Amino acid sequence: MPELPEVEGVVQALKPKVEGRTIQHVQLSERVHFSFSEGKQCIVKQAEPDAFELTLSEMTITKIERRAKYIFFHLLKDEVPYVLVSHLGMTGAWFVVNSPEDINEAKFQKHIHATFKMADGGYLIYSDIRRFGELRFLAKIEDHIPLTKMAPEPFDELACEFFITKSTLPKYANKAVKEVIMDGQVISGCGNIYATEALFAQKIHPARKMNRISEKRKRALFEEIVAVLRQSIEAGGSTISDYRNINGEAGSMQNRLKMYGKKICPACETATSQMTIGGRTSSFCPNCQH
DNA sequence: GCGAGTTACCGGTGGC
DNA sequence: TGCCACCGGTAACTC
């Protein structure tokens, strides 16, 4: 499950290998084409697969950047800028290879959905086992409303104040703190793993109502989220199930997690509890977190 | 018009 | 061994 640190790793790895290169042509999988004919939008959103393939050919990838858990591929063709927005969903992965056969993990090899043949040889490939990811071609970011509503990057100096202000709004008052910090319009890029870890570190019960948390604790919680995200970026991300970096390597942050996926609290050895908050499984220590 | 709630999108995995 | 419920990030839809 790629979260912000994993996406950051992907972007840092892609940049030197892909920026400045030109796409010769794009080939989407049979599945993508078939789904579209069935009225579904498998991976490629709001575009006809045929048109998507044609449009992207001969575009130059000028810059790649991460925003929350999205990857923005900035493109240029005939001096007109465009952007390809990628979200990895649950199981998406990018590969830069000489040949599609070079993807040696069978699961990813089997689920290749977009193959970008580069003009100078080699391939940029998007593989996605469960197809929860998305590729969205836009003239500009603002053309997709949800992208314009995202909270600032958590590392942005204004992000903490943004969180304090936003989380105080009436609509969040009676919501569980975990649901609020995982809302991309309040804090961007904080998914289940890191929300779980930060709440455990701050000894806050994930179901605690937002309006029952003091501003001081909110600030401490925000700083904790930033710290956990930074630590994970340094560790190459968490490898939970299917995440791989573009070289097919796993990260090591999963070894540093203290609560996510744990049966026993590492602090007090009490059995952990699970509950569903905002539709997601949430682990916590009933003894340490209040 | 906005917010809350629901549904769609999926195949690997773990439990039985 | 085989079946089946479960899992989850985001958008889009309905009410």
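The rules behind the values
Every chain is numbered independently, its residues counted from 1 as its sequence is written. In the order they appear in the text, chains get letters beginning with A and ligands get numbers beginning with 1. Predicted model: local features are reported for residues with pLDDT of at least 70 only, side-chain atom pairs are reported and counted for 80 or more only, and whole-chain, interface and lining totals are derived from all residues. Calculation of side-chain values draws on the structure's entire complement of heavy atoms; hydrogens and water are dropped beforehand. Comment: elements are numbered from the N terminus, with helices defined as DSSP H or I runs of at least four residues and strands as E runs of at least two. As a reference, a globule follows 2.2 Å times the number of residues to the power 0.38, and the radius of gyration itself is taken over C-alpha atoms. Per-residue accessibility, obtained with a 1.4 Å probe over protein chains only, is compared with the maximum for each type, and a residue is labelled buried under 20%, exposed over 50%, and partly exposed between these values. The contact criterion used throughout is that any non-hydrogen atoms of two residues lie within 4.5 Å. To be clear on the numbers: accessible area is Shrake-Rupley with a 1.4 Å probe, and residue cover counts the displayed protein chains and nothing else. By the counting rule applied here, Lys and Arg register as positive and Asp and Glu as negative, while His and the ends of each chain are not counted. To locate a charge, take NZ of a lysine, CZ of an arginine, CG of an aspartate or CD of a glutamate. Whether a residue is near a molecule or strand depends on its heavy atoms: if one lies within 4 Å, it is near. Counting of polar contacts relies on pairs of N or O atoms within 3.5 Å, with two restrictions inside protein: one atom must be capable of donating a hydrogen and the other of accepting it, and residues adjacent in sequence are counted only when both atoms are side-chain atoms. Residues are grouped as follows: Ala, Val, Leu, Ile, Met, Phe, Trp, Tyr, Cys and Pro are nonpolar; Asp, Glu, Lys and Arg are charged; every other residue, Gly included, is polar. Where each domain begins and ends is defined by an automated method or by a domain database. What counts as buried area is the accessible surface, traced by a 1.4 Å probe, that two parts surrender upon association, with contributions from both included. Put simply, a salt bridge is a Lys or Arg side-chain nitrogen that is within 4 Å of an Asp or Glu carboxyl oxygen. By this definition, two strands are paired if DSSP reports at least two bridges between them. Here an axis means a line fitted to C-alpha atoms, over the contact stretch when the element is a helix, while the angle between two N-to-C directions is reported on a 0 to 180 degree scale. UniProt positions are given in the numbering used here, feature names are shortened, and annotations may be inferred rather than shown by experiment. If an angle is under 35 degrees, it is roughly parallel; if it is over 145, roughly antiparallel; if it lies from 65 to 115, roughly perpendicular; otherwise it is oblique. In this scheme the handedness of a crossing depends on how the near helix is turned from the far one: anticlockwise by less than a right angle means left-handed, clockwise means right-handed. Working rule for helices: expected span equals 1.5 Å times residues minus one. Cysteine sulfur atoms that come within 2.5 Å of each other are treated as a disulfide pair.

Enquirer: Teacher, can you tell me more about the overall build of chain A here?
Expert: For chain A, the count of helices and strands is 10 helices and 10 strands. In terms of overall dimensions, chain A is globule-like: its C-alpha atoms have a radius of gyration of 20 Å, near the 19 Å expected for 290 residues. Along the first, second and third principal axes, the C-alpha atoms of chain A reach 55 × 40 × 35 Å. A buried classification covers 52% of the 290 residues belonging to chain A. Long-range pairs, those at least 24 residues apart, make up 62% of the contacts in chain A between residues at least 6 apart in sequence. Just so you have it, chain A exposes about 13400 Å², and 49% of that area is on carbon and sulfur atoms. Of the side-chain charges in chain A, 38 are positive and 35 negative, and the distance between the mean point of each set is 9 Å.

Enquirer: What's the story with the protein's contact with DNA strand C in this structure? I'm lost.
Expert: Neighbouring DNA strand C are 15 residues; Y70, H87, R130, R280 and T281 lie closest to it. The sugar-phosphate backbone supplies 74% of the atoms of DNA strand C found within 4 Å of the protein. Within the side chain of Y70, a nitrogen or oxygen atom sits 2.4 Å from a phosphate oxygen of DNA strand C. A distance of 2.6 Å separates a phosphate oxygen of DNA strand C from a polar atom in the side chain of H87. Broken down by secondary-structure element, the contributors of at least two residues to the surface near DNA strand C are β8 (134-138) and β10 (280-284). A per-class count over the surface near DNA strand C returns 5 nonpolar, 5 polar and 5 charged.

Enquirer: Would you take a moment to explain the domain arrangement of chain A for this structure?
Expert: Domain annotation of chain A identifies domain 1 (2-147) and domain 2 (156-282). With 21 residues of domain 1 at the interface, the matching set in domain 2 holds 17 residues. Buried area between domain 1 and domain 2, summed over both chains or domains, comes out near 1700 Å², and the portion from carbon and sulfur atoms is 60%. Where domain 1 packs against domain 2, one counts 0 salt bridges. Summed over the shared surface of domain 1 and domain 2, the result is 4 residue pairs in polar contact (both at pLDDT 80 or more).

Enquirer: Hey, could you run me through the sheet that holds strand β3 (residues 70-77) in this one?
Expert: Strand pairing within a sheet occurs via backbone hydrogen bonds; the two strands may be parallel or antiparallel. With antiparallel pairing, the 4 strands of this open sheet are ordered in space as β2-β3-β4-β8. Edge positions in the sheet fall to β2 (60-67) and β8, since each has one partner strand and no second. Averaged over all pairs of adjacent strands, the angle between their axes in this sheet comes to 20 degrees, without regard to strand direction. Bridge analysis of β2 against β3 gives 7 bridges, and the strand direction is antiparallel. In the strand pairing of β3, K63 is matched with H74. Packed on one face of the sheet, helix α1 (residues 4-18) meets β2 and β3 and runs near 160 degrees to β2.

Enquirer: Looking at this structure, I do not really get the UniProt feature "domain: FPG-type" (unreviewed entry) in chain A. What am I missing?
Expert: The sites that carry the UniProt feature "domain: FPG-type" (unreviewed entry) are, in the present numbering, residues 258-290. Along residues 258-290, the helical share is 0% and the strand share 30%, with 17 Å between the first and last C-alpha atoms.

Enquirer: How should the UniProt feature "domain: Formamidopyrimidine-DNA glycosylase catalytic" (unreviewed entry) in chain A be read in this particular structure?
Expert: Under the local residue numbering, the UniProt record ascribes the feature "domain: Formamidopyrimidine-DNA glycosylase catalytic" (unreviewed entry) to residues 2-133. Its end C-alpha atoms 10 Å apart, residues 2-133 is made of 27% helix and 37% strand.

Enquirer: Help me out: how do you make sense of the packing of α1 against helix α10 (residues 215-234) in this one?
Expert: Between two packed helices, the angle of one axis relative to the other and the distance separating the axes together describe the packing. In the contact formed by α1 and α10, the axes pass within 8 Å of each other and the chain directions differ by 40 degrees. Here α1 is positioned oblique relative to α10, judged by the angle of their axes. At the point where α1 passes α10, the crossing takes the right-handed sense. For the pair α1 and α10, contact is made by L4, P5, E6 and E8 and by L229, S232 and I233, respectively. Residue composition of the contact of α1 with α10, by class: 4 nonpolar, 1 polar and 2 charged.

Enquirer: Sorry if this is basic, but what is going on with α1 here?
Expert: The α-helix winds at 3.6 residues per turn, so residues separated by three or four positions along the chain end up facing the same way. Taking 1.5 Å of rise per residue, 15 residues should cover 21 Å, and α1 covers 20 Å from first to last C-alpha, within 8% of that figure. Burial in α1 covers these residues: L4, P5, E6, V7, E8, V10, V11, A13, L14 and V18. Along its buried surface, α1 packs onto β2, β3, β5 (92-97), β7 (123-128), α9 (192-201) and α10. Note on α1: the residue one or two positions beyond its end, G20, has a positive phi of about 90 degrees.

Enquirer: Please clarify how the state of the cysteines should be interpreted in this entry.
Expert: As used here, a disulfide is simply a covalent bond connecting the sulfur atoms of two cysteines. Overall, the coordinates contain 0 disulfides when judged by the stated rule. C160 forms no disulfide, and the closest cysteine sulfur to it belongs to C190, at a distance of 13 Å. With no disulfide of its own, C285 lies closest to C268 among cysteine sulfurs, the gap being 3.6 Å. The exposure class assigned to C285 is buried, which follows from its relative accessible area of 0%.

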